[in-house]
Amino acid sequence: MAKMQKAIIYKGPGKFAYEERPIPEIKDKNDVKIKSYGCSICGTDVNIFATPQRHPCKPDIIFGHEFCGEVVEVGENVTSVKPGDKVVIDPHGPCGECENCLAGLPEACKNIISRGVFADGGLTEYVVLPKQYCYKVAPETKPEFMGVAEPLAGCGCALEKLNVHVGDTAAVLGAGPIGLMFIALLKANGCRKIIVSEPIEHRRKLALEVGATRVVNPEEEDLVAIVKEETDGLGADVAVEAVAAMLVDCIYLVRPHGKILQFGHDELTHPEFPVAELLKNEIEVYGGYLGKYYMRKVAQIIESGILPLDKIVTDVIPASRYQEALDLAASKQCGKVFVAIDF
Ligand SMILES: [Zn+2]
Ligand SMILES: [Zn+2]
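The residue count restarts for each chain, going from 1 along the sequence in the order it is written. Chains carry letters and ligands carry numbers; both start at the beginning, A for chains and 1 for ligands, and go up in the order they are written. For this predicted model, a pLDDT threshold of at least 70 governs which residues receive local features, and a threshold of 80 or more governs which side-chain atom pairs are given and counted, while totals over whole chains, interfaces and linings are taken from all residues.

A.B. asks: When you look at the sheet that holds strand β12 (residues 254–262) in this model, what are you seeing that I'm missing?
C.D. replies: Two strands in a sheet stick together by hydrogen bonds in their backbones, pointing the same way (parallel) or opposite ways (antiparallel). Paired strands, as defined in this entry, are two strands with at least two bridges between them according to DSSP. Comment: elements are numbered from the N terminus, with helices defined as DSSP H or I runs of at least four residues and strands as E runs of at least two. Across the sheet, which stays open at both edges, the six strands sit in the order β10-β9-β8-β11-β12-β13 with parallel pairing between neighbours. Edge positions in the sheet fall to β10 (214–216) and β13 (284–287), since each has one partner strand and no second. The average angle at which neighbouring strand axes cross in this sheet is 20 degrees, direction not considered. With five bridges connecting them, strand β11 (residues 236–241) and β12 associate as parallel partners. Considered in β12, the bridge of Val240 is made with Leu261. To obtain each axis, a line is fitted to C-alpha atoms, and for helices this fit is confined to the stretch in contact; angles are then taken between N-to-C directions over 0 to 180 degrees.

Structure representation (structure tokens):
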């Protein structure tokens, strides 16, 4: 009989359980076996466990998609990583074989399986993955920083669409973990003003620590007026929506010909849209989601230390206390929460 390992299993809306699952073995020449360090909690995870459920998930899978770990064994065709290497993981790795992958469009891979949402993920001891899911980082990289790879890749890849330049001005709506990553990236890209709207005081403080030049409590202050005041009456060059329901607000925050990025993700959000404002100001709106192209770069960004990940990752909680970690993430009194495997 196969050897067993402990895992956190998604059991349907609002529920998870600790169960035993077989330790997976390498089956393909391109497989990599990883000892999981753990997994960050994503807003998607919070939405999956919310009532009503705000994101779908397949029951009875090993949960957790933002995982990372150490290579323990590789298939005979694998040369990109070796046992002992630390790797960040793209849980939505492309197949590498379909028409879109072969055409250089892995984002549009026809065979994507999101591990940790629709197939077995990383909240367990060992995981076996194809080599194209795994990206090596320097040996001294901390596991809790490696855990931000998947969301940071999505943010970094999406931000490239806005073509931000040194000296630009930006408005960021929301300073949850994703908002904090955008603030840090905008800072690293040379924005001279980063105005951040966030109702939770603790998160406004984190926003200032990672690079915001001004924070606004939208429940007490006039965000549009403040952004105008900070940008000589013009509006910001770019606005990043990192909440889910505030795309319409962004329309009033950017200058004519400004750019908006919708990144906040909530399957139940359907805002009404001021079409005339959009067209009269010739605003460009982009969507951002996954960051497959960007995984190599994100591994390099994480190991380089150019982003203040020590401020973005605020809590490390052992997997044996997973409910506590989920409750903390749902409470929003935190930045990124990393769940470390302790079994
Ligand atoms: Zn995620
Ligand atoms: Zn493919």
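A.B. asks: Is there a simple way to explain the environment of Leu247 in this structure?
C.D. replies: In this fold, Leu247 is placed in helix α8 (residues 247–251). Setting aside residues up to four positions removed in sequence, Leu247 forms contacts with Glu241, Gln262 and Pro271. A pair of residues counts as a contact when their C-beta atoms, built from backbone coordinates, are separated by no more than 7 Å.

A.B. asks: Just checking my understanding: could you explain the domain arrangement of the protein for this structure?
C.D. replies: Interface size is commonly expressed as the accessible area that is lost once the parts come together. Along its sequence, the protein is organised into domain 1 (4–150 + 291–340) and domain 2 (162–287). Residue ranges assigned to the domains are those given by an automatic or database domain assignment. The gap between the C-alpha centroids of domain 1 and domain 2 is 28 Å. Across the contact, 15 residues belong to domain 1 and 17 residues belong to domain 2. Only α1 (43–49) and α11 (309–312) provide two or more residues apiece to the side of domain 1 that touches domain 2. The dominant element in the side of domain 1 that touches domain 2, judged by the number of residues it contributes, is α1, at three residues. Gly counts as polar in this scheme, as do all residues outside two lists: the nonpolar Ala, Val, Leu, Ile, Met, Phe, Trp, Tyr, Cys and Pro, and the charged Asp, Glu, Lys and Arg. Here the side of domain 1 that touches domain 2 is built from residues that sort into five nonpolar, six polar and four charged.

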